[in-house]
Structure formats: C-alpha cells, structure tokens
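Fold and geometry: a report
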Amino acid sequence: MSPSPYALVLDDHPLVARGVAEFLRSRLPRMEVAVAGRTEDVMPLVAERGAPAIALIDFWLAEGAALDLIAQLRQHCPGSALAVISGDDDPAVMERVRKAGAHGFIHKQAPPETFALAVEALLCGLAWFEPPSQSGQPPRSRDLPVTPTELGLSMRQGEILALVLQGLPNKRIALQYDLSESTVKEHMSAILLRLGARTRVEAITRLRGRRLVLPSMGEL
Amino acid sequence: MEPVSASAAPARAPATPAQEPPQASLQTVSMAGQARLLEMTYQRLHTSIMVLPLVALALTLFYQLQHDARWMWGWFGFYVVFAATSHRLRRVFRQDQGRRDAADLMRRWRPRLELCALIHGAGTTAPVVIAAGHASYDFALLLLVTNAAILAGNATHQTPVLSVFMRFFMTGWNASLLVQPWLFPQHWYFILPLSLLHTFTMYRHSHTAHRFFVHQVWLEERGQQLSAQYREARDAAEAALAEKNRFLSTAAHDLRQPVHAMGLLTEAIALRNRDAALAAPLSDLRLNLQSVQLMFNSLLDLSKIESGQVAVRPEPLLLRPFFNELEIQFLAEARSRGLRLRLHMPPAGAAVQADAALLRQSLSNLVHNALRYTPQGGVLIGARWRQGHWRIEVWDTGLGVALEDRARIYQPFYRPQHAWHINREGHGLGLAVVARCVDLMSAQHGLQSRLGAGSCFWLQLPAAAPGPDPASPRSPSARPLQGRCLILDDDPHVLGAWSALLGSWGVQACLASDARQAFAHVDAGQTIDVVLCDQRLRSGESGFDVLLALLARCPQARGAMVSGEFDAPALRRAEEEGYLVLKKPVDVADLHTLLSCWLEAPVDATIAMEGPRP
C-alpha cells in the first residue's frame with residue numbers, strides 16, 4: 001500500500017508552495033515532495049501515489065476548504081500527519097483546525113528552524129500546536145511551587161503524586177511507601193479525580209509549569 | 001423707528017452663525033435661533049398681557065372713588081377678553097412650534113405677535129385717554145408711573161424680536177405722551193420733558209437688551225457648531241487610524257506570504273550550498289529576511305494593539321522564567337555581535353502583575369533594541385525593587401539617546417539621526433510597541449541615558465504574590481533539558497525526526513528500531529535517562545515487554561509507551577500497572593512537560609525538587 005513515503009504540500013500561492021516544497025526536500029532528503037495548487041488536485045494525487053507521510057495544507061484556500069479537506073484526508077489516510085499552515089495567528093483559527101482533526105498548526109511567521117522542527121515532530125507522530133512565537137504565551141519552566149494541599153490532596157496522595165511525576169509504576173510506589181499495590185491504585189484514582197485527569201499523563205500535563213513541593217521535605 | 005427689516009425676508013437668514021461678533025440684527029443667528037428669540041419675546045409679551053387685567057382692576061377701582069368709571073370698566077373688560085384670547089393663542093403657538101419648521105413659524109407668528117404688541121400698547125394708552133381732562137392729579141400720577149414701569153419691564157424682556165417691542169412702545173407710551181397735556185393740565189411742561197427723557201432712555205435700553213439676547217443665542221449656536229466640528233474632526237481622525245491599521249495588517253499579511261516562501265527557499269539553498277563563496281551572501285540574505293519578517297511582526301503587533309484587538313489579561317508572573325527566556329532568545333545574537341549579555345537574576349519569588357504576552361513582547365523589544373544600538377560592550381538585564389513595584393531595567397553601553405529625542409523615540413518609525421548610521425536594520429517600531437504594551441498594562445516605562453555612554457530603558461510593574469496559575473497549553477521551549485533518551489520506533493523516517501526534535505530541546509536521542517538495537521545502546525555503556533517505546537514493533541515484539549526489559553536493565557531510567565493504537569491489551573496492562581502511555585498524536589507541549597519533569601536542568605542548586613529515588 002505505501003510505496004515511497006512523500007510529503008504533500010497544498011498552497012494556492014505557487015511561490016509559497018514551491019518554497020515549502022524546496023525547504024522540505026532539503027530538510028528531508030529521503031522524502032519526496034508533491035505539490036498541489038488546488039484542493040481538487042489532492043484526492044486524485046492521493047489515489048495515485050497512496051497516503052502521504054505528511055500533508056501541509058494552507059488554511060486560506062477558500063472558506064472552510066482546508067477543514068473539509070482535512071476531514072476527507074483523515075478518512076482516506078488515517079496514518080498521515082495532517083498539518084495546516086497559516087499566516088493567521090488568531091488562536092480561534094488554531095482551535096478550529098485542532099477540532100477538525102488536524103495534527104498540527106504551523107504559523108507562517110515561524111522561523112525556518114521552527115518550521116522544520118514542527119515537520120519533524122509531526123512525522124514522529126506528535127501533535128504540533130505551538131502558539132506563534134511573537135505574541136503567544138511565554139514558555140514555563142517548572143518554577144511555580146505548589147503544595148499537595150493547594151491541589152486538594154492529602155499528604156500521602158502528594159507523596160504518591162511526586163513519584164508519579166517521576167514516572168514510577170504502581171509496584172515501585174508501593175515498595176517505596178510500604179503499601180499494597182491496590183492501596184496505591186485507590187490513591188491514584190482519588191488523585192486523578194482531584195486533578196480532573198483521566199490518565200497519569202494527563203495528570204502530569206495538568207501540572208505544567210508547577211513544581212510540587214512536599215512540606216515533609218521542606219523547601220529543598 | 002423700525003430697525004429690524006427682517007420680517008420681509010426671514011428666509012434669507014444664514015443657516016449658521018457668522019465668525020465675527022454679531023450685529024444687533026436677527027440675521028446674525030440661524031432660523032432656529034430666530035424662532036427661539038421669537039418665543040422669548042412672546043413669553044414676556046404674554047406675561048405682560050396676563051398681568052394687565054389686575055392692574056386695570058386696581059386702577060378702575062381707584063378711579064371709581066372720585067369719578068364715573070364706566071369707560072374704565074369697559075377698559076378692564078377689554079383686558080380680560082384680551083388676556084383670555086392671548087392665553088388661547090399661546091397654546092396654538094405651542095402646537096405650531098412642534099409642527100412647523102423655524103422659518104414657517106417666524107413667517108406666521110411674527111406678524112401676529114406684532115399685532116398683539118400693537119393692541120397691548122394701545123391698551124395701555126386707553127386709560128390715559130379716558131382719564132385725560134377730568135382725572136385727579138393723584139390718579140394721573142399713578143397712571144403715569146404705572147405706564148412707565150410697564151414700559152421699563154417690557155423694554156428689558158420683550159426685546160429679543162425688536163419689531164414686536166417697538167410696536168408696543170409706539171402705541172403705548174409714546175402715543176400716551178400726546179395726551180399728556182390734558183392729563184396734567186397744570187404740570188405738563190414739567191412732566192412731558194421728563195417723560196420724553198424716559199422715552200429716549202427706554203429706546204436706547206431696548207436696543208442694548210436686544211443686542212444682548214441676539215448675542216446670547218449667537219454664542220450658543222457658535223458653541224454647538226464648534227463642538228460639532230470637533231466631533232467631526234475626531235471621527236475623521238479615528239477613521240483614518242482604523243484605515244491605517246487595516247491597511248498595515250492587510251499589507252503585512254499579503255506580503256508575508258512571499259516573504260515566508262523566500263525564507264524557506266533561502267534556507268533550502270543554504271543547506272544545499274557547496275560553494276564557499278556563496279556562504280557569506282547567503283547568510284546576509286537570511287539576516288535581511290529575518291529583518292523584514294521582524295518588521296512585519298512589529299507592524300502587525302502595533303496595528304493590533306492600536307485597534308484595541310489585544311485582550312489584556314493581567315496575572316501574577318514570576319520574573320525569572322522571563323529572564324531565562326531572554327537569555328535563550330538573545331545569547332546567540334549578542335555573541336554574534338561581539339557583545340556580552342549579562343543577567344542579574346531577580347530573587348526566586350519575584351513576581352509581577354502583568355499580561356504575559358505583552359510583558360514578553362516589551363522585554364524582548366527592549367533587549368533587541370539595546371543589542372542593536374550597542375556597537376561594543378554589553379547589555380545587562382536586571383530587576384530592582386521599588387516601593388511595591390518591580391522595575392525591570394535593560395542597560396546598554398551603546399549610543400545613548402539625545403535629550404531632544406527622548407519623547408519621540410517612542411513614536412512609530414522615529415529613529416534618531418545618529419542611530420541610523422549605526423544600524424540600518426531597524427524600522428523604528430520596537431520602542432513604539434513597547435510604549436503601547438506598557439500603556440495597555442497601565443504600567444510605566446522610561447529611560448535614563450548619556451550620549452555616547454549608554455542607556456537604561458526600564459519598565460515598572462506592580463509586584464504580585466505568585467498565585468496558582470491555571471494549567472494551560474504552553475510553548476514547549478522553556479529551559480534547556482539535559483539527558484539521553486532512547487527511542488524505539490520501527491519507522492526509520494520517524495527516527496530522524498525524533499533526533500532533530502529532541503536535539504532542539506537539548507536531549508540526546510538514541511534511536512533503535514527493535515529490541516536488539518536498543519540493548520546494543522545499553523550494552524555500549526550509555527546512560528539512558530528516558531525510554532520512549534512504540535508498542536508496535538516490526539520485529540513482532542511487544543513494545544511494552546521490551547520497555548519492561550529495558551527498565552529492568554536501567555533502573556534509574558524513566559519510561560513511557562507511545563502508541564497510535566488505543567485498545568491494545570498490552571497498553572491496558574501498562575496503564576493498569578501505572579506505566580505512562582502517550583497516545584499518538586502526542587502534543588509536543590505535553591511531551592516537553594513530561595521530559596521537563598525528568599530532565600530539566602536546575603536553575604540553581606536549591607530549586608529543583610527531586611522526588612526520592614528508589
């Protein structure tokens with residue numbers, strides 16, 4: 001089904017399309033790049049060459065065209081990374097693209113380095129929805145301290161959460177605090193409920209930018 | 001005796017008041033103003049007519065004491081009827097005021113009022129005629145004084161439309177003077193000259209009062225006209241500003257497309273270039289493109305800020321992350337310019353109340369500006385505590401700003417003359433954006449400078465206690481991470497991409513497409529800090545089993561599963577046992593958060609809390 005992997009670029013601005021294609025070719029020497037100038041050209045191309053490894057679609061083709069195309073491609077090429085390129089830094093546009101099922105949103109004003117990184121990340125199977133560097137949120141290191149009490153957790157739950165943040169599985173947490181695995185699991189479901197998370201990964205991402213401080217250890 | 005000739009052609013009156021001070025003429029004011037003057041006149045005339053039956057009654061009763069008062073009673077009866085008629089007429093006038101335009105009102109009512117005034121005047125003369133020849137001296141004197149008082153009152157208030165008063169004046173007081181010799185048979189040669197003096201005074205007085213009324217209305221209209229002109233000018237200015245902002249953002253948007261393409265093409269050419277001679281011009285081309293893009297961004301930011309599209313969300317923000325970010329952002333640029341970039345870190349808990357995006361933009365523009373106009377030496381960023389505020393200062397050893405330029409450098413596109421000689425990349429927008437951002441946050445900014453020695457640009461923001469911040473998506477480019485990450489993925493294309501992505505965060509990537517290669521890395525003696533393992537491997541092994549085996553070999557490592565499958569039994573088991581499972585597509589920001597929990601380089605030795613290691 002998949003012959004040689006290729007990247008698909010769709011932009012009605014020929015200069016931009018060629019620029020993106022040329023950039024991809026130089027960055028991903030093993031990958032072929034196909035360029036489409038119109039939305040109608042995309043599906044025949046996919047029928048002929050198979051699903052692309054990544055598709056980069058200009059948002060402002062025609063009103064809603066990009067979102068429709070993404071829905072179509074999601075159906076026909078479930079394995080492809082689908083990203084929208086846009087000069088628009090309106091967060092609402094990014095949200096619409098995310099809702100339509102795209103894996104990424106790349107800003108046209110992003111420097112080439114960031115553009116390349118976004119493509120790499122999308123090829124890794126990651127999602128890329130970075131706010132534009134100029135006016136977006138500042139990056140956060142884990143610098144804002146937070147205590148278990150502030151999160152609505154008991155001391156023991158806080159201790160367990162600290163180990164979860166370290167990526168430890170239940171068995172090793174149980175060993176650490178001399179608990180049974182089932183007790184750890186019970187604590188875990190309480191913690192997840194408190195943080196409003198379904199999984200451990202979600203719990204960790206909820207604490208983005210925060211540093212869990214356990215009073216028992218003092219402010220180390 | 002007819003100074004106002006407006007009744008012939010009231011419609012010729014100018015619609016708007018003239019610029020020069022008004023003459024004593026109705027034409028100085030607009031039709032609406034004339035109608036107002038007419039109304040004021042009518043009000044006074046009406047009051048005067050309504051009061052007169054009482055005066056007539058008193059005089060008639062007094063007259064009856066000594067004389068046959070039949071004619072006087074008739075006079076009283078006339079005024080009662082006249083007052084009643086005037087009262088009805090006034091109601092019609094009120095209705096007409098609502099129905100007719102000013103010109104029409106003047107045309108219809110000015111003659112009517114003149115007629116009323118004429119009759120009223122004749123009415124006041126009537127008792128003089130009745131009493132002449134047989135009234136007692138006392139009564140005659142009372143009558144004279146009463147008439148003089150009525151005249152004085154009307155001369156003050158009835159004069160907005162002078163022609164109305166003049167009719168009253170002629171048929172009233174002046175006509176009665178003709179009968180005076182018969183009213184005061186013995187003393188008329190004393191009283192008549194005094195009365196004529198009164199006539200002259202009242203004539204002068206009525207003209208002064210008329211001018212005063214007209215001037216008053218003229219001033220009112222002039223005020224309204226000026227405020228309308230001001231509103232127009234303000235609207236025009238606002239429209240022009242909005243138009244300019246629309247133009248700027250449209251132009252910047254449209255131009256951005258080809259510039260974006262040029263950036264990518266240049267990058268592609270630079271990567272493929274094997275010709276050493278082309279390296280320098282290519283690097284110049286890249287710098288120029290960056291400068292153009294920077295200008296577009298500044299223009300867009302400025303137009304967005306000016307058009308009020310920026311929502312300001314103040315929140316408590318720690319200063320240190322911003323300082324770290326500035327260092328990451330500008331260290332390379334400072335080095336390439338041969339400058340030292342030094343940061344004087346604020347205390348760990350230092351926080352300000354500000355909008356994150358605006359603060360970030362302001363600081364970045366200030367540092368950028370400082371680097372650009374500093375030919376040698378360095379730039380220092382620091383924060384100072386000042387009475388409940390943090391003042392963030394950006395010091396440079398650059399050109400300095402001349403006194404006369406200090407106010408103007410915050411205007412868009414303004415650049416001091418000597419700045420132009422040092423650096424031609426700038427567009428004079430950076431500081432304008434800073435000023436607008438700071439205004440939006442209701443904060444303060446300023447600078448101290450010595451020409452040739454350097455400048456200090458500062459922002460002053462209210463201090464805040466860092467509160468809980470809502471977990472929201474953040475950009476995954478904070479502090480650099482350090483460590484080694486082993487990636488197991490069976491797709492060779494993907495492996496290269498992982499390496500680039502992790503490398504950009506400072507994480508070294510070891511790549512393996514199956515368990516054998518993975519263990520080869522471990523066997524080679526490399527310390528693995530993190531293992532990311534895809535569940536589906538082409539070799540047929542279960543990713544989770546491989547992960548468990550790897551973690552058993554490297555107990556200090558942290559591991560997570562990565563998978564596009566949602567319902568694999570192995571993944572359910574992994575979650576059950578408390579292993580982390582990342583579902584594809586993994587949000588880059590989430591991945592960064594996860595890795596930063598494990599691999600973030602501590603800011604200084606005391607800060608990073610590490611959980612107890614088993």
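Here, residues in each chain are numbered from 1, in the same order as that chain's written sequence. Chain letters start at A and ligand numbers start at 1, both assigned in the order the entries are written. Owing to the predicted nature of the model, reporting of local features is limited to residues with pLDDT of at least 70; listing and counting of side-chain atom pairs is limited to 80 or more, with chain, interface and lining totals taken over all residues. Side-chain numbers here rest on the full set of heavy atoms in the structure, without hydrogens or water.

**Side note on the nonpolar core**
Counting 79 residues, the largest nonpolar core has Leu56(A) and Leu532(B) as its most contacted members. Among the elements that line this core, the one with the most residues is helix H5 (residues 112–123) of chain A, at 8 residues. Only heavy atoms matter for contacts: two residues are in contact if any of them lie within 4.5 Å across the pair. With residues up to four places along the chain from it excluded, the contact list for Leu532(B) reads Cys485(B), Leu486(B), Ile487(B), Leu488(B), Trp498(B), Ala560(B), Val562(B), Leu582(B) and Leu591(B). Counting 61 residues, the second largest nonpolar core, distinct from the first, contains Leu26(B), Phe76(B), Phe139(B) and Met166(B). Side-chain atoms within 4.5 Å link the members of a nonpolar core, which is a set of buried Ala, Val, Leu, Ile, Met, Phe, Trp, Tyr and Cys residues. Working definition: with a 1.4 Å probe on protein chains only, accessible area under 20% of the residue-type maximum means buried, over 50% means exposed, and in between means partly exposed. A helix here means a DSSP run of H or I that spans at least four residues, while a strand means a run of E at least two residues long, and both kinds are numbered starting from the N terminus.

**Notes on the sheet that holds strand S2 (residues 340–344) of chain B**
The strands making up a sheet are joined through hydrogen bonds of the backbone, oriented either antiparallel or parallel. All names here are of chain B. DSSP bridges decide pairing: two strands pair if at least two such bridges lie between them. Spatial ordering of the open sheet is given by S2-S4-S5-S7-S6, a layout of 5 strands whose pairing is mixed. Looking along the sheet, the strands with just one partner apiece sit at the ends: S2 and strand S6 (444–450). Across the sheet, the axes of successive neighbouring strands diverge by a mean angle of 15°, strand direction being ignored. As defined by bridge partners, strand S4 (residues 378–386) adjoins strand S5 (residues 389–396) across 8 bridges and the pair is classed as antiparallel. Bridging across to S5, Leu 380 finds its partner in Trp 395. Each axis is a line fitted through C-alpha atoms, and for a helix only the stretch in contact is used; angles between axes span 0 to 180 degrees, taken between their N-to-C directions.

**Description of a nonpolar patch on the surface**
All names here are of chain B. On the surface, a nonpolar cluster with roughly 310 Å² of combined accessible area is contributed by Phe 78, Leu 115, Leu 118 and Ile 119. Counting residues per element, the nonpolar patch draws most heavily on helix H3 (residues 102–131), which supplies 3 residues. Residue position: Phe 78 is located in helix H2 (residues 70–99). Residue Phe 78 is classed as partly exposed on the basis of its relative accessible area of 35%. Here, patches come from residues exposed beyond 30% relative accessible area and free of salt bridges, joined within 9 Å for like charges and within 5 Å for nonpolar side chains (Val, Leu, Ile, Met, Phe, Trp, Tyr). Accessible areas in this description were obtained via Shrake-Rupley with a 1.4 Å probe; residue shielding takes into account the shown protein chains only. The term salt bridge refers to a pairing of a side-chain nitrogen on Lys or Arg with a carboxyl oxygen on Asp or Glu at a separation within 4 Å.

**Observations regarding the pattern of salt bridges**
Residues and elements named next belong to chain B. Evaluation of the coordinates by the stated rule reveals 23 salt bridges over all chains. One salt bridge connects Arg 110 with Glu 114, and the closest N-O pair in it is separated by 3.4 Å. Of this pair, Arg 110 and Glu 114 both sit in helix H3, separated by 4 residues, roughly a single helical turn. The same class applies to Arg 110 as to Glu 114, namely buried. For Asp 545, the salt bridge goes to Arg 573, with nearest N and O atoms at 4.0 Å. You can see Asp 545 sitting in helix H14 (residues 543–553) and its partner Arg 573 sitting in helix H15 (residues 569–576), a full 28 residues away along the chain. Assessed through its relative accessible area of 37%, Arg 573 is described here as partly exposed. One salt-bridge network, held together by shared partners, links Asp 96, Arg 99, Arg 100, Asp 104, Arg 107 and Arg 108.

**Some words on the confidence of the model for chain A**
Residues and elements named next belong to chain A. On a range of 0 to 100, pLDDT expresses the predictor's confidence in each residue. With 88% of its residues at a pLDDT of 70 or more, chain A has an overall mean of 81. When the elements of chain A are averaged for pLDDT, strand S7 (residues 144–146) gives the smallest value, 74, and strand S1 (residues 6–10) the largest, 91. A low-confidence stretch, residues 132–141 stays under pLDDT 50, and its non-local contacts, those more than four residues away or across chains, total 40 contacts.

**Brief notes about the packing of helix H8 (residues 319–336) of chain B against helix H9 (residues 356–372) of chain B**
All names here are of chain B. Direction vectors running N to C along H8 and H9 enclose 30°, while the axes themselves pass 11 Å from each other. With respect to their mutual orientation, H8 and H9 come out roughly parallel. In this structure, H8 meets H9 at a crossing whose hand is right-handed. Contact residues: Phe 322, Glu 325, Leu 326, Gln 329, Phe 330, Glu 333 and Ala 334 in H8; Ala 356, Leu 359, Arg 360, Leu 363, Ser 364, Val 367, His 368 and Leu 371 in H9. Angular relationships are summarised with four words: roughly parallel below 35 degrees, roughly antiparallel beyond 145, roughly perpendicular across 65 to 115, and oblique for the angles in between. Each helix crossing is assigned a hand: it is left-handed if the near helix lies turned anticlockwise from the far helix by less than a right angle, otherwise right-handed if that turn is clockwise.

**Details of H3(B)**
Residues and elements named next belong to chain B. Residue count minus one, scaled by 1.5 Å, sets the expected span of a helix. Its 30 residues place the ends of H3 43 Å apart at the C-alpha level, agreeing with the 44 Å of an ideal helix rising 1.5 Å per residue. A maximum bend of about 35° is found in H3 at Trp 109, where proline Pro 111 lies one to four positions downstream. Gly 133 lies just past H3 and shows a positive phi near 100°. Fitting axes to the seven residues ending at a residue and to the seven starting there, one defines the bend at that residue as the angle between these axes.

**What about the pairing of strand S3 (residues 351–355) of chain B?**
Every regular strand shows the same layout, with side chains that alternate between the two sheet faces. All names here are of chain B. The element S3 is extensively covered by neighbouring structure, given that 4 of its 5 residues are classed as buried. Of the pairings in the sheet, the one linking strand S1 (residues 314–318) to S3 comprises 5 bridges and is antiparallel in character. The partner of Glu 315 across the bridge, within S3, is Ala 354.

**Things to note about the packing of aromatic side chains**
All names here are of chain B. Two aromatic rings from Phe, Tyr or Trp, using only the six-membered ring of Trp, form a pair when their centres are within 6.5 Å; if the ring planes differ by under 30 degrees the pair is stacked, by over 60 it is edge-to-face, and anything between is tilted. All told, the structure shown has 19 aromatic pairs over all chains when counted by the stated rule. Look at Tyr 42 and Phe 93: their rings are 5.0 Å apart centre to centre, the planes differ by 80°, and that puts the pair in the edge-to-face class. Placement of Tyr 42 in helix H1 (residues 31–64) and of Phe 93 in helix H2 is noted, with a sequence separation of 51 residues between them. Ring centres 5.9 Å apart and planes at 65° place the aromatic pair Phe 212 and Phe 213 in the edge-to-face group. Since its relative accessible area comes to 13%, Phe 213 is described here as buried. Through a chain of ring-to-ring contacts, the aromatic side chains of Trp 75, Phe 78, Tyr 79 and Phe 82 assemble into a single cluster.

**Some points on unusual backbone geometry**
The phi dihedral of Asp178(A) is positive, around 60°, even though this residue is not glycine. For Asp178(A), the position within the fold is in the loop between helix H7 (170–177) and helix H8 (181–195). For Gln387(B), which is not a glycine, the phi torsion comes out positive at approximately 40°. Residue placement: Gln387(B) occurs in the loop between S4 and S5.

**A word on the packing of helix H13 (residues 515–523) of chain B against H14(B)**
All names here are of chain B. Where H13 meets H14, the closest approach of the two axes is 11 Å, and the angle between their N-to-C directions is 10°. In terms of orientation, H13 lies roughly parallel with respect to H14. Here Ala 515, Ala 518, Phe 519, Val 522 and Asp 523 of H13 lie close against H14, whose contacting residues are Val 546, Ala 549, Leu 550 and Arg 553.

**Section: the environment of His215(B)**
Residues and elements named next belong to chain B. Inspection of the secondary structure assignment puts His 215 in helix H6 (residues 188–272). The class of His 215 is partly exposed, set by a relative accessible area of 32%. Each C-alpha atom of the pair His 215 and Leu 26 lies 9.6 Å from the other, and the pair is 189 residues apart in sequence.

**So, the environment of Gly349(B)**
Residues and elements named next belong to chain B. In this structure, Gly 349 sits in the loop between S2 and S3. The exposure class assigned to Gly 349 is partly exposed, which follows from its relative accessible area of 47%. Residues Gly 349 and Leu 317, spaced 32 residues apart in sequence, show a C-alpha to C-alpha distance of 9.8 Å.

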